[in-house]
Structure formats: structure tokens, C-alpha cells
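Descriptive structure summary
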Amino acid sequence: MEKIIVKKSSNLHGNIKVDGSKNSILPILAATLLCPEECKIHDIPNLQDVKIMCGLLEALGAKVEKTETNTLKVTAENITTCEAPYELISKMRASFLVMGPLLTRCHNAKVYMPGGCAIGTRPIDLHLKGFKHLGSDIKSENGYVNATTEQLKGRDIYLDFPSVGATENIIMAATLAEGETILENAAEEPEIVDLANFINSMGGNIVGAGTKTIRIKGVKKLHKTEHTVIPDRIEAGTYMVAAAATGGDVMIENVVPSHLQPIIAKLREAGVTIEEYDDKIRVKAGNTIKPVDIKTLPYPGFPTDMQAQFMAMLSKADGTSIINETIFENRFMHVNEMSRMGLHVKVEGSSAILMGNSHLSGAKVRATDLRAGAALIIAGLLADGETEITEVYHIKRGYSNIVKKLQNLGADIRYEK
Ligand code: EPU
């Protein structure tokens, strides 16, 4: 079984380039199903999740072709089946994002219901509520959601919670619906804006993405396009925290600083110097890490996907920090692993109380999910001795070349079979 071995590494330094965003490219790939012509997409990150989504598109009849490094051409001229089976959906929750495009383009979609996962039960009720409002009949049987419609019709939809996935699925379904959909209390994440820009570049009519109210005027047909995916703000944030935690000085390239404001704000509070440029950010650690309190919230609040990495950094803060997780009900799986490395922490309900000044020492730990895995790497960089991380496939789902990129910054990290 593949492992990542990390040893204490102070003062990461140098330049690092961030890849295209995982959480942008997954809905964008799903949205290629809306269009019968070729979609050429650049800055595709080399990730396991992207491979799974491409496999799913091919199973549905789309042609997927890698033209150059990091560029894909997808042509969904013929959709040969509207059924996304268990074997494909069960590999990745985001596969459920094909439901909206299939339903609106083929007028029926049968997609296996994604289960919960390590970080929570993660229901899909808001996605289904949206599809129902747009005029589809929904049946759940034998683990499948079966949605059918004569023609989706634009409606006003209010989301009880600004779910990222539900916002994306509803935008895609409404793109080829008849009339206008007004989506209220929508998610405002940069990945939603990227999806809307992609669809608009194919001739879609979406206004307001990035705000709480999104208006989607249905169009009859989309046309070919070319699009570049936005940089991954969570990958950027992870390397920013790694630099700050190790006392380093790192230039993070290919970023959109405005997407990183909550992360920048919390790092500054922790005493880190951040210099912002047009498309790069320099992170210079201070002499100590100051304690900070964090509450995860929908964008533009602090991202849940960065909470675990901050926990690793705050282990060495000179005082108590509190991390309050409000998005997922079970996203403290890394706490057990970090405790075994010596983290002084107590979990009470949805809050983790970190005492600070923890002396971390290397241990055998498990990457329980993607971000937990990245956080354990950061903890390993701070710990005396050797940290051995197993279940590395979680990390590969969302970080391309993480080992090589950190080695280039001077980290003592390697894969071991
Ligand atoms: N929720 C519902 N009902 C729904 C949908 C969501 O109750 O119908 C709940 C979820 O259970 C969760 C909360 O709403 O408690 C937020 O879920 P959301 O739908 O916003 O998340 P998601 O679309 O499933 C995306 C990212 C996650 C990221 C979250 C929150 C992708 C592919 N995934 O998930 O990314 O944590 O938004 O920002 O975009 C990661 O990259 O490590 C990751 C988990």
C-alpha cells in the first residue's frame, strides 16, 4: 500500500504553481453534457476525481480526448444512456452533478443516489427539490433517483441552505429549461461563477452567479466553446498554510487573491505576512503563530475545506484557538490522527478547542479524507521524527503532485510503496 513519509522540515521556501480547481472542473465537465458540440477546456488538474468524471462522461456516450497536457476536449454529441450506475457514482459524490444536465437534455435521468461519506451524511434533498420545482417527476427506488419530465420549465426556487452542489445542479438543469429560473439563497463560491461563465460561453444565459440570486434564462441549444478553469483556491490555501506553519517564505503562483480573502485574513491574524499581487501571493511566516478562532461558513466565509490544515498550523500557536465547523457534521476525523501525533485538542460538539504549544511527534496516521490528508502532511512537517501517512488515494483525489511540489520547497517528503 502506498504511503507518504514526511519528516520535520522548517522554513519552506521558493515558488509553487497552483493547478486548475478540482471543484470547478467537476461541475464544468458535467456541464459538457448540455452541449452537442465540442468543449475544449484548459488547465485541467491531473487528479483522480477528474479521471472518474471523464470515465462517467464516456459511459454516458460523450467523447473525451486529451489533446495536450492539461487540456481536454469533450464532445457530447450523442448521449447514449441517461443512466449513471452505482459503479461510477459510488466512486465520487460529485458524479451526481450529471443529473441536472441529463435531465434537461434527455428529459429523463436515472442516477444512483450518492451515499454519505466520511465527513457527513450529505443528503441530496436540495438538488431534488430544485428538479421537482422545475417540473420533473422524481422517484427513488432500488438506490436510484429516477427523474423524468416532458420539458423542464423555469421557476423561482429558494434553497434552504446555499449548497454548492445543489446550486450547480439546478443552474445546469435550468440552462435548457423553458423560461426563466430565479434561484434564491444560492451558493456564492467562485466555482459557481466559473461554471456560469463556462455555460454562458456556450450560449447560456446566466446572470448573478457569485451572488445570492442567480437568474437563468433557458436557451434551446448550446454551441462549442473553449474555457480555462480558475485556479484551485484550496490547493493554494493549503500551500499558504504549509509555508506559514513551517516558518517559511513562499511565492504561490497562479492564484486569484480575491478568492483567498478569508484564508488571507486568518493567516494575517495568526501573525503571517501576506503580500498580494495580481495572480500570486507571497507568504512570509512571523516569529510565532498567534492563536485564532475560526468558524467555517459558506463563501465568502472561511472554507470548511481549509479547516483541517489550519488545525495543523494552530497546533503550535502560542495560546488557545477554537475551530467551529458548521458545514459538515463529521469533519473532525483528523483530530484523532493529530492527537496521536501529540496535538492538545478537545472536541465539544461542532467545535475543536486547540490548546496550542503542542509538541508534535511523528506517528503512523491515516488520511481519512482529502483535506485531512493534506493537514496530516502539514502536521508531519512540524513533527519531530517520521510521520507515515496511509490511505494516500484520498490525497490524490484533490492534490496533483503534492509530494513533488513540497519537495521543490525543501520539504523532506516522499512516497513509499
Ligand atoms: N446539504 C444538504 N442537502 C443537499 C445538499 C447539501 O443538506 O441537498 C448539506 C450537506 O450535507 C452539507 C452542506 O449542505 O452539510 C454543504 O454541502 P454542499 O452541497 O454545499 O457541498 P457539496 O456540493 O457536496 C462542495 C465541495 C466540497 C466542499 C463543499 C462546501 C465539490 C465537488 N465539493 O461539496 O469539497 O467541502 O462544497 O464548500 O465541489 C473537498 O474538496 O474536499 C470537498 C469536500
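Residues numbered from 1 in each chain as written. Predicted model: local features only at pLDDT ≥ 70, side-chain atom pairs only at ≥ 80, totals over all residues. Heavy atoms only, no water.

Right, let's get into the sheet that holds strand S11 (residues 180–184). On the basis of which strands lie adjacent, the open sheet formed by four strands has the order S10-S11-S13-S12 and mixed pairing. With one partner strand each, in any of the chains shown, strand S10 (156–158) and strand S12 (205–207) form the two edges of the open sheet. Each adjacent strand pair in this sheet contributes to an overall mean axis angle of 15 degrees, direction not counted. Where S10 lies against S11, three bridges are found, and the strand directions are parallel. Bridge pairing in S11 places Tyr 158 opposite Glu 184. This element, helix H6 (residues 164–175), spans S10, S11, S12 and strand S13 (214–217) of the sheet and lies at about 25 degrees to S13. (Pairing = 2+ DSSP bridges. Helix = DSSP H or I, 4+ residues; strand = E, 2+ residues; numbered from the N terminus. Axes fitted to C-alpha atoms, helices over the stretch in contact; angles between N-to-C directions. Contact = heavy atoms within 4.5 Å.)

By size, the foremost hydrophobic cluster in this structure holds 73 residues, and its most contacted members are Leu 29, Val 98, Leu 102 and Ile 199. The contacts of Val 98, once residues within four sequence positions are left out, are Ala 30, Leu 33, Met 53, Leu 56, Leu 60, Ala 84 and Val 111. In terms of nonpolar packing, the next biggest core, distinct from the first, is built from 71 residues, Ala 243, Ala 245, Val 250 and Leu 354 among them. (Core = buried A, V, L, I, M, F, W, Y, C linked by side-chain atoms within 4.5 Å. Buried < 20%, exposed > 50% of the residue type's maximum accessible area, 1.4 Å probe, protein only.)

In the contact formed by helix H1 (residues 22–31) and helix H2 (residues 48–59), the axes pass within 10 Å of each other and the chain directions differ by 5 degrees. One finds that H1 runs roughly parallel with respect to H2. Facing H1, whose interface residues are Lys 22, Ile 25, Leu 26, Leu 29 and Ala 30, H2 presents Asp 49, Val 50, Met 53, Cys 54 and Leu 57. Here the contact of H1 with H2 is built from residues that sort into eight nonpolar, no polar and two charged. (Parallel < 35°, antiparallel > 145°, perpendicular 65-115°, else oblique. Nonpolar A, V, L, I, M, F, W, Y, C, P; charged D, E, K, R; others polar.)

Attention now moves to the site of the ligand. Lining the immediate environment of the ligand, one finds 21 residues, of which Asp 125, Leu 126, Ser 163, Asp 305 and Ile 327 sit closest. The contact in question runs from an oxygen atom of the ligand to an N or O atom on the side chain of Lys 22, over 3.0 Å. Within the side chain of Arg 371, an N or O atom sits 2.8 Å from an oxygen atom of the ligand. For the ligand, whose unbound accessible area comes to 830 Å², protein coverage reaches 86%. Only H1, helix H5 (125–133), H6 and helix H12 (370–382) provide two or more residues apiece to the shell around the ligand. Residue contributions to the shell around the ligand peak at three residues, all from H5. A breakdown of the residues in the shell around the ligand according to their chemical character gives ten nonpolar, five polar and six charged. (Near = heavy atom within 4 Å. Polar contact = N/O pair within 3.5 Å; in protein donor to acceptor, adjacent residues only side chain to side chain. Areas by Shrake-Rupley, 256 points an atom, 1.4 Å probe, with all protein chains shown as cover.)

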